[in-house]
Amino acid sequence: MQNTSLLSKLVSRLPLGICIVDQSYKILFWNDFFTDRLGILQQDMSLPNLLELFPHEARFLKKKINSVFVLNNASFSYWEHRPHVFQFRSSRPITGEETLMFQNIEFFPLDVEAQQVNTVCMVVQDVTELASYYQAQKKLSGQLEQEHAELMKLNSKLEAAQNQLLQSEKMAAIGQLAAGVAHEINNPVGFVSSNLQSLQDYNTKLFKLVQFYQKLFAKINHPTYQTLEQDMLKRQQFAFISTDLPELLHESIEGLERVAAIVKNLKAFSHVDSSEWQYANIIDGLENTLKIAANQIKYKAEIHRNYQPNLPELYCQPMQLNQVFLNLLVNAAQAIEDKGDIYIDVAATESAITIAIKDTGVGIEKKHLQKIFEPFFTTKPVGTGTGLGLSLSYSILQKHKASLSVKSEPGKGSCFTITLPILATEQLSESPVSKN
Amino acid sequence: MPIPVTIADDSLMSRKAVKRALPPEWDVDITEACNGKEALLAVESGKAEVLFLDLTMPELDGFGVLKYLHEHHAKTIVIVISADIQPEAKRLVDSLGAFRFLHKPLQAEQLRETLFEVGLI
Amino acid sequence: MNTLLSEDQRDALQELMNISMGQAANALARLVGAKVTLSIPRIVSVTPLQFAEMLNDTDVWYTRQSFLGHIRGEVLTVLSKTGCDSIGELMDYEVPLDHDALSELLLELANILAGACLSGFTEQLALNAKLSMPTLFFPENQQTVHVHWASTLMMEVEFKVEASQFDSRVVICLEDIAVDTLLQALNRLLE
């Protein structure tokens, strides 16, 4: 008797919710913890049916309890999956954020006779403290994860920016180098060129002289001397020299002209030459350029123009931009192997003018796409391209704070798109046009 | 005269458990078999009027033994004692003409009850 | 440890496992309404290294729960990742399973299997052991498994649910001391 009373005191004071049901889910016993948390004053009512008392959780409770009856094996419910099976008031009504108690529940067979379970006991444990700690941790780790992701994003942005910086630094360095080289080469090219011109001139004169002497000799008509002369001419390979020498000189002069052209391009590339800033119409520039390039384009491609009317004038270096257009148009024509089309689209928004030049040529291989803006990169046969065109264009566009992008599919064609921002004069003036 | 009884189970402990559960007053002559083949051999040589049969055994399993007996020795009284207690196993065992399907671990009272039902004791 | 077991003891242990696993399979079969097939129980002694290797599989979920009583140890349940949805469906879960439902299902399955295995096992030996609630176990999150044992007895059996692709293994690991208790109980049974 003493023991029973002690035991019942213990059960009523336990910091656990205890509830016992029979096979029809009728509550046979519940302790004070269970009723207190439900806000039920026990003496007020007779013991209800568990499923009727918790209609929202009836399906789950029934399943759990049935499994204990059938399997004669304990079963558990976790706060992570089902935090509030029983609508118990929070264990921290004043200081806590929670209004309901987080709970773990164990369902176990209590009264078993010959493998037959007669009653099932539920023990409800208050894990609000643990749950809120865990949730705070989880929130924190979620925040950390998010911050980490943001950092990663920032990091990759930085990396991209650094790459861009490297690229533009490389360009600048090559520009300076090119300027120096151009300057150095220009002088010798100048005097070699002028000397060659003189040589060509002297050569013509010398041949004239030889021809004159040959005529004189013929008049003398002396067989011995004539034999001597023929022999001499033969031994000195005069006939060959007389045809080869002008050719050699001609080729040399032509070669030197090419060198001069390269130097000129290099100078342009490194902004050695200036160009004036002014308001200009992009369409006019394009049309002028098309006229210049007509010879290189007309047999290869048909031009399709799609210009947006009433384009605003743009503060720019028109001649330099023409250089860019020329480059892209000539490239487009050269990309076309037999006969094709070139589409020129010009459109404007509030903030920028875009010029797209699309061809139906051979396209650019993926491995080359990265390199096409690098100086001296060319896929054209040796002698036909300097590899400076696109990098020159790139640096001109940089001065206009414009971007140049390319899309290409080998076998289908390429599309170069220039986006020129419409900027105020002072925004562009920071690119001083220097004269070396 | 003692009744010839065979206990077929690959586990020594289970055979012991069956022997221990047999009613002491029951006059039997016990043969032990470690697999299905030995069990059939015992039946063929008349040592198994009653056969206590496990289902999972090497060589030939309990289902195989049941099948053979079902076709050839329908008179043998087979009491299956199995650890596989799923409904599917019981259905199969019943269809093969076993007299009873007892669960392991074997309860002595249950065995006595079964023997009584068959009229052996 | 294998040599610690005599042939009779091994036979007895194997049979005990057979019987309790049969009960577990029956429990599972009743719950999912499908036939469950069992492998032959494997009884081995393992070193911590061998044990750690067992935890390397990325195609499975692990749960663990400890048991206390006459014998002590842990039950590890290994559940295949494939077939969870179909077994969830058999067990009246809403499929496809979301994260919470999946872990609830895994814990429920583990608890049923481990509970039936252990209770069948201990009842036959007239020992008692009470299982705690199972939790999901992510071995890869443990930097180093701190072990306080040199070798343990491991009893393992595989369950397959034929209607789905699902399979599961229950591994009962005994504490060193518990092995002695187990052997004594086995001997009582064999007398």
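Residues numbered from 1 in each chain as written. Chains lettered and ligands numbered in written order. Predicted model: local features only at pLDDT ≥ 70, side-chain atom pairs only at ≥ 80, totals over all residues.

The positions that UniProt labels "domain: CheC-like protein" (unreviewed entry) are, in the present scheme, residues 9–44 of chain C. Counting secondary structure, residues 9–44 of chain C comes out at 67% helix and 17% strand; the distance between its end C-alpha atoms is 13 Å. (UniProt positions renumbered as here; feature names shortened; annotations may be inferred. Helix = DSSP H or I, 4+ residues; strand = E, 2+ residues; numbered from the N terminus.)

The subject of this paragraph is helix H1 (residues 2–13) of chain A. Over its 12 residues, H1 of chain A extends 17 Å from the first C-alpha to the last, a length consistent with the 16 Å expected when each residue adds 1.5 Å. In terms of burial, H1 of chain A is a largely surface element, 0 of the 12 residues being buried. (Expected span 1.5 Å × (residues − 1). Buried ≥ 20, exposed ≤ 12 C-beta atoms within 10 Å, placed from the backbone.)

A separate point is the interface of chain B and chain C. Accessible area lost upon the coming together of the parts is a frequently used measure of interface size. Between chain B and chain C, the contact holds 11 residues from the first and 17 residues from the second. The biggest single contributor to the side of chain B that touches chain C is helix H1 (residues 12–21) of chain B, with 3 residues. Class assignment of the residues belonging to the side of chain B that touches chain C gives a composition of 5 nonpolar, 3 polar and 3 charged. (Contact = placed C-beta atoms within 7 Å. Nonpolar A, V, L, I, M, F, W, Y, C, P; charged D, E, K, R; others polar.)

Take the interface of chain C and chain A next. Across the boundary between the two partners, chain C contributes 15 residues, which contact 12 residues of chain A. Elements that contribute at least two residues to the side of chain C that touches chain A include exactly helix H1 (7–32) and helix H4 (99–124) of chain C. Classifying every residue of the side of chain C that touches chain A gives 7 nonpolar, 4 polar and 4 charged.

Residue and element names in this part refer to chain A. One open sheet holds the 5 strands; their spatial order is S7-S9-S10-S12-S11, and the pairing between them is mixed. Either end of the sheet is taken by a strand with one partner, and the two such strands are strand S7 (301–307) and strand S11 (403–409). When the angles between neighbouring strand axes are averaged without regard to direction, this sheet yields 15 degrees. The sheet contact formed by strand S9 (residues 340–348) and strand S10 (residues 352–359) spans 7 bridges and is antiparallel. Directly across from Ala348, in S10, lies its bridge partner Ile353. Here helix H9 (residues 318–335) sits on the sheet in contact with S7, S9, S10 and strand S12 (413–421), set at roughly 20 degrees to S10. (Pairing = 2+ DSSP bridges. Axes fitted to C-alpha atoms, helices over the stretch in contact; angles between N-to-C directions.)

Residue and element names in this part refer to chain A. The terminal C-alpha atoms of helix H4 (residues 58–71), which comprises 14 residues, lie 20 Å apart, in line with the 20 Å expected from a rise of 1.5 Å per residue. Those residues of H4 that fall on the buried side of the exposure criterion are Leu61, Lys64, Ile65, Ser67, Val68 and Leu71. Burial along H4 is one-sided: seen end-on, the buried residues are contained in an arc of 150 degrees. Projecting away from the buried face of H4 at angles above 90 degrees are the exposed residues Arg59 and Val70. Where H4 ends, the next residue or the one after it, Asn72, has phi of about 55 degrees, a positive value. (Arc of directions from axis to C-beta.)

Residue and element names in this part refer to chain A. Mapped onto the fold, Tyr299 is located in the loop between helix H8 (282–297) and S7. C-beta crowding within 10 Å serves as the criterion here: with 10 such atoms nearby, Tyr299 is assigned to the exposed category. The spatial distance from the C-alpha of Tyr299 to the C-alpha of Ala333 is 9.1 Å, given a sequence separation of 34 residues.

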